[in-house]
Amino acid sequence: MARWVYGFGGGSAEGAAGMKQLLGGKGANLAEMAKLGLPVPPGFTITTEVCAHYYANGKNYPAELATEVAEALGKVEKLLERGFGDPERPLLVSVRSGAPVSMPGMMDTVLNLGLNDRTVEGLAKGSGDRRFAFDSYRRFIQMFGDVVLGVDHYLFEEALEDLKRDRSARFDTDLSAEDLEELVRQYKAIVRQETGRPFPEDPKDQLWAAIGAVFGSWMTPRAVTYRRLHDISAAMGTAVTVQAMVFGNMGNDCATGVAFTRNPSTGENAYYGEFLVNAQGEDVVAGIRTPQPLTRKMGEQDGNELPPMEEVLPQSYAELTALFQKLEGHYREMQDIEFTIEKGKLFVLQTRTGKRTAQAALKIAVEMAQAGILTEEEAVLRVDPASLDQLLHPTLDPKAEKTILCKGLPASPGAVSGKVVFSADMAERRAAASEKVILVRIETSPDDIHGMHAAEGILTSRGGMTSHAAVVARGMGKACVCGAGDLLIDYENRCFYVRGTKVAEGDLITVDGGTGTVMLGKVPTVEPQLSGEFATLMEWADRARTLKVRTNAETPLDARAARRFGAEGIGLCRTEHMFFQDERILAMREMILAEDGAGRTRALSKILPMQRQDFVELFTIMQGLPVTIRLLDPPLHEFLPHEPHEITEVAAAAGVEPKVVKRRLAELTEANPMLGLRGCRLGVLFPEIYEMQARAIFEAAVEVWGKTGETIIPEVMIPLVGMARELELIKERVEATARQVIGESGRELTYLIGTMIELPRAALQAAAIAEHAAFFSFGTNDLTQMALGLSRDDSGKFMERYLQEGIFQADPFQTLDQDGVGELIRIAKERGRAKRPDLKLGICGEHGGDPASVAFCHEVGLDYVSCSPYRVPIARLAAAQAAIRTRPN
């Protein structure tokens, strides 16, 4: 029989850290900490299998669940000598979600559950503090009303603010017990008015309603969006943890907080976190009161002058730091810890692997390996390859002039500029229209997740370093400034003010999440300076991987950037990009307008020296590393003019009438140019084009060899081959050109001729094509379009729905479709190497920089991947992780 509930507490537990798939991260870690003898309030976890049953059976629970929950609750009552619903010694509980993968802030929590008009009196009597009891009661009604009953939380907040204003109270803590009793009455009236029913008094009804709400939150739009953004499967479900309450809001010897064993922004090996005296957990992340730093050092770094915990509660701080050391030592990982201090006694409510920036992840992984806590390979596995993207882009130019608006907390590093927007929906709409935006909010909530993802950066006027905005932004790699208290945000008029300066929606601002600075306008940037930890981790990764990493580049700028990031050659040089420069496009158009081969050759002779110089520069930068050059691929009509003044200009340069240009444009226009006269078909019909390019390649190789002494082995790639005879014909002409250059220069040349596999037929006919090819490069952009019958440019109209419906697990133009396109690659690899065992294999589509696709390329046995320059480190790390994970133990 399946078991649905696992208990913990009193120094023992029925679960363990290795049971995250069943108990969720929160439940598994609570069980582990209980076994370690740490001060964990007792409770129990309802498994993720119940979540699966709940959704598979019309939101009904397993028949045995109620009995198991009652038994587990009874054990908690016995441990604490309290009763759930007992009016004299009431047991209160929290009900929290906990998925196997951390999803901070995305799902629902209810605290102080079990309170009603009778138990609140027992709580007041037992604690000797009526104010505390009614503070807990009003918090419970608000949280339960919002999470379970669907009452807008702003209604409760509005009532609270009205009461504070009436009582001239600055903070919630300034309200008296009588004030809070009045607030409870108001909150109950709000619930009745909004739901048509009184607030539920029966604690058991409250418990089951809260459990249902937490399971229900697994499928809320914000949770679905978060899972999609972070590639988390919906099938894993969430667990629900029910845990005895401990109270940080019983007085000035009580507190609650969130802490990290290392700095999650920088990775510095220093304790980092925030706390509030006389508060509950949601107060810290909500930003209603400014949290206090753990240490004086942290306060000074962040500009927070409030008294730190090490001075306010020194004994509890000492206990907390001992806890940090024990947990980080046990898990061998930076921990994110939630704690509460009740009457001077420390309790730990959660520990999990802390979300961190890429910079912090690198530093932590490398330092832990250097300290002997991790092996080098374990350190390589600790860094998410995709997160490196945060490190590889420009930062603010320190010499640039800046108009500083205000400062807040440096919640997540990165310097970005964008247009101000005030809602998540607007951020998403404008970003979809290719606008860069900064999302400005008083504070963010989980419902803002889609807008935070769409925005370049996030700015809030409230909240601390552990607020929702800060934690989520760090996880996403978004620049974020929190708690900019000088911001006065006016949602209604879509603007904000800073000491008399008005900034309206659509105005440009710049935020620097590394310093907490907010600036007016767009501030220039400079190339990033990569840390020593980056170089160290990449060195370890390169030792582990077997898959080579090249770059897609056709300009010296891109080639140099790629070399700086560790590229081992060029896997795709798109020569058509070289033809669109101003001084070349006219010659190219003359060639297209020529009436015969001789005319085409004359026009191409103007381009030859320019094209040769292009290759000289690339070969020189690559210093003998392989360079794969794709011959001209796009349809010829793309080079012709369309505007009247351009047609006149081309006609004059070619010495023909404008009507000739128009006629030729009409002749070359195709109904479906992607499947028309392009790729190798151009080489068959207009051999002069490929012959000119081949000559430029070989002459450049000879020139660089002569100047540098480096052996240059160019790889000539014929695009869009579908039939072996196409490749055979063009190969003959390229080889003939090579023989001519060898004869003219007196130097021997080594070169390779291969093809791009981007048609399904080419994959299926790989054996025949391999007879004429030294290498295959899988052009996964077009291969995906051809295999799936999808236009990359048009699929955005329905891709979101396909992802939501589970038709695609990921956008196939971002992550390789392994079942379909991947199968074609496997077939081509097997058939091609069966014919030619030394056949070199790689991919050169956008998938070459996607970690999941790189892992597939390693698994299938390719020799290299090629990607854009700024994704080279991502591919290097992903290739290393794939090698480590597939290595036999």
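Described below are features of the structure shown in this document. Fair warning: this is a prediction, and the values are worked out from it, not measured in the lab. Every residue gets a number counted from 1 within its own chain, in the order that chain's sequence is written. Side-chain atom pairs in this predicted model are given and counted only at pLDDT of 80 or more, local residue features only at pLDDT of at least 70, and totals for whole chains, interfaces and linings cover all residues. Note: side-chain values were computed over all heavy atoms of the structure, leaving out hydrogens and water.

### With respect to the overall build of the chain
Strands here are runs of E lasting at least two residues and helices are runs of H or I lasting at least four, both read from the DSSP assignment and numbered beginning at the N terminus. When its secondary structure is counted, the chain shows 35 helices and 32 strands. Here the C-alpha radius of gyration of the chain, 32 Å, is about what a compact globule of 889 residues would show, namely 29 Å. Along the longest, intermediate and shortest principal axes, the C-alpha atoms of the chain span 100 × 65 × 50 Å. Partly exposed residues are those whose accessible area sits between 20% and 50% of the maximum for their type, while under 20% is buried and over 50% is exposed, using a 1.4 Å probe and protein chains only. Classification of the 889 residues of the chain by burial places 57% in the buried group. In the chain, the share of contacts with a sequence separation of at least 24, taken over all contacts with a separation of at least 6, comes to 68%. Radius of gyration: over C-alpha atoms. The globule rule applied is 2.2 Å multiplied by the number of residues raised to the 0.38 power. Contacts are assigned to residue pairs that have any heavy atoms within 4.5 Å of one another.

### Some words on the side chain of K164
With respect to the helices and strands, K164 occurs in helix α6 (residues 153–166). On the basis of relative accessibility, which here comes to 6%, the residue K164 falls in the buried class. The contact partners of K164, leaving out residues within four places of it in the chain, are A169, R170, F171, D172 and L175.

### Here's the deal with the environment of E735
Here E735 is to be found in helix α28 (residues 724–745). E735 sits 356 residues away from A379 along the chain, and the two C-alpha atoms are 48 Å apart. Look past the residues within four positions of E735 in its chain and what remains in contact with it is Y751 and I753.

### Some thoughts on the sheet that holds strand β20 (residues 495–498)
Should DSSP find at least two bridges between two strands, the strands are taken to pair. Taken in spatial order, the 3 strands of this open sheet run β19-β20-β21, and their pairing is antiparallel. Each edge of the open sheet carries a strand with a single partner, namely β19 (488–490) and β21 (501–504). Recorded for the sheet is a direction-independent mean angle of 20° between the axes of neighbouring strands. Examined bridge by bridge, β19 and β20 share 3 bridges and lie antiparallel to one another. Looking at β20, one finds that D490 is bridged to C495. An axis is simply a line fitted to the C-alpha atoms; with a helix, the fit covers only the stretch in contact. Between two such axes, the angle follows the N-to-C directions and lies from 0 to 180 degrees.

### Some details on the state of the cysteines
One way to say it: the disulfide is the covalent bond shared by the sulfur atoms of two cysteines. Two cysteine sulfur atoms make up a disulfide if the distance between them is within 2.5 Å. Within this structure, the stated rule accounts for 0 disulfides. Take C857: it sits in no disulfide, and the sulfur closest to it among the cysteines is that of C867, at 11 Å.

### Examining the side chain of S136
Along the chain, S136 turns up in helix α5 (residues 130–147). You can call S136 buried: its relative accessible area is 0%. Whenever two N or O atoms come within 3.5 Å, that pair is a polar contact, provided that in protein one can donate a hydrogen and the other can accept it, and provided that, for residues adjacent in sequence, both atoms are side-chain atoms. In this structure the side chain of S136 is engaged in a polar contact, spanning 3.3 Å, whose partner is the side chain of N249.

### Let's talk about unusual backbone geometry
At S168, a residue that is not glycine, the phi angle is positive and equals roughly 55°. Mapped onto the fold, S168 is located in the loop between α6 and α7 (177–195). The phi dihedral of R332 falls on the positive side, at around 55°, and the residue is not glycine.

### Quick notes on α6
For a helix, the expected span equals 1.5 Å multiplied by the residue count minus one. With 14 residues, α6 should reach 20 Å at 1.5 Å per residue; the first-to-last C-alpha distance of 20 Å fits that figure. Those residues of α6 that sit buried are F156, E157, A159, L160, L163 and K164. One side of α6 carries all its buried residues, which in axial view fall inside an arc of 160°. In α6, those exposed residues whose orientation departs by more than 90 degrees from the buried face are R165 and D166. Summarising the contacts, the buried residues of α6 are in contact with α5 and α7. You can read the cap of α6 off the contacts: a side-chain oxygen lies 3.0 Å from the backbone nitrogen of Y154, and it is on D152. In this context, the arc is that of the directions from the helix axis out to the C-beta atoms.

### Looking at the sheet that holds strand β8 (residues 272–277)
Taken in spatial order, the 5 strands line up as β9-β8-β7-β10-β11 in an open sheet, and their pairing is antiparallel. Of all strands in the sheet, those with a lone pairing partner are β9 (292–293) and β11 (345–353), marking the two edges. Judged from the 6 bridges that link them, strand β7 (residues 255–260) and β8 form a sheet pairing that is antiparallel. By the bridge assignment for β8, G257 is matched with F275.

### Things to note about the packing of α5 against α6
A pair of packed helices is captured by two measures, namely the crossing angle of their axes and the spacing between those axes. Here α5 crosses α6 at 155°, and the two axes come no closer than 8 Å. As summarised for this structure, α5 and α6 are arranged roughly antiparallel, according to the angle between their axes. From α5, R138, I141, Q142, G145 and D146 reach across to α6, where they touch H153, F156, E157 and L160. Of the residues belonging to the contact of α5 with α6, the class tally is 3 nonpolar, 3 polar and 3 charged. Angle categories are assigned with fixed cut-offs, so that under 35 degrees is roughly parallel, over 145 is roughly antiparallel, 65 to 115 is roughly perpendicular, and the rest are oblique. Each residue is assigned to one class: nonpolar for Ala, Val, Leu, Ile, Met, Phe, Trp, Tyr, Cys and Pro, charged for Asp, Glu, Lys and Arg, and polar for all the others, Gly among them.

### A few points about the pairing of strand β30 (residues 775–778)
Neither face of β30 is open: one carries F775 and S777, the other F776 and F778, and all of them are buried. With 4 bridges joining them, β30 and strand β31 (residues 840–843) adopt parallel strand pairing. Bridge assignment links F776 to a residue of β31, and that residue is L841.

### Regarding the nonpolar core
Judged by nonpolar contacts, the single largest core of 116 residues is most densely connected at F619, L636 and I718. The element contributing the most residues to this core is helix α27 (residues 687–708), with 11 residues. Discounting chain neighbours no more than four positions away, the residues touching L636 are M588, M591, I592, L668, L677, L682, F686 and I689. The nonpolar core is taken to be a set of buried Ala, Val, Leu, Ile, Met, Phe, Trp, Tyr and Cys residues, with the residues joined through side-chain atoms within 4.5 Å. The next biggest cluster of nonpolar side chains, apart from the first, holds 86 residues, and it includes I46, F132, F134 and F140.

### Structural notes on the pattern of salt bridges
A carboxyl oxygen of Asp or Glu within 4 Å of a side-chain nitrogen of Lys or Arg is what we treat as a salt bridge. Within the structure shown, the criterion is met by 61 salt bridges. The shortest N-O distance in the salt bridge between E554 and R574 comes to 3.5 Å. One end of the pair, E554, is in the loop between β25 (548–552) and α20 (556–564); the other, R574, is in strand β26 (residues 570–574), with 20 residues separating them in the sequence. One exposure class covers both E554 and R574, and it is buried. One continuous salt-bridge network, built from bridges that share partners, spans D135, R138, R139, E161, K164 and D172.

### Topic: the packing of aromatic side chains
Each aromatic pair joins two rings of Phe, Tyr and Trp (for Trp, the six-membered one) with centres within 6.5 Å, and gets the label stacked for planes under 30 degrees apart, edge-to-face for over 60, and tilted for any other angle. Overall, the coordinates contain 18 aromatic pairs when judged by the stated rule. Between the aromatic rings of F134 and Y137, the centroid separation amounts to 6.3 Å while the plane-to-plane angle is 50°, which identifies the pairing as tilted. Remark: Y137 and F134 occur in helix α5; sequence separation between them is 3 residues, near one turn of the helix. A single burial state applies to F134 and to Y137, both of which are buried. The rings of Y54, Y55, Y61, W208 and F215 are connected pair by pair, giving a single aromatic cluster.

### Re the packing of α6 against α7
The interhelical angle for the contact between α6 and α7, taken along N-to-C directions, is 150°, at an axis separation of 10 Å. What the angle tells us is that α6 and α7 run roughly antiparallel. Here α6 and α7 pass one another in a crossing that is right-handed. Of α7, the residues touching α6 (which contributes L155, F156, A159, L160 and L163) are D179, L183, Q186, Y187, I190, V191 and E194. Within the contact of α6 with α7, the residues separate by chemical class into 9 nonpolar, 1 polar and 2 charged. Less than a right angle of anticlockwise turn of the near helix away from the far helix marks a crossing as left-handed, whereas a clockwise turn marks it as right-handed.

### Considerations on the environment of K297
On the secondary structure map, K297 appears in helix α11 (residues 296–302). Considering only alpha carbons, one finds K297 and R831, 534 residues apart in sequence, at a separation of 63 Å. Reaching out from K297, the side chain makes a polar contact with the side chain of E268 at a distance of 2.6 Å.

### Notes on helix α16 (residues 424–432)
For α16, the set of buried residues is A424, M426 and A427. Taken down its axis, α16 places every buried residue within 160° of arc, on the same side. Residues of α16 that are exposed and point more than 90 degrees away from the buried face comprise R429 and A432. Considering only its buried residues, α16 is in contact with β15 (415–421), β16 (437–441) and α17 (449–454). Phi turns positive, to about 70°, at S434, one or two residues after α16.

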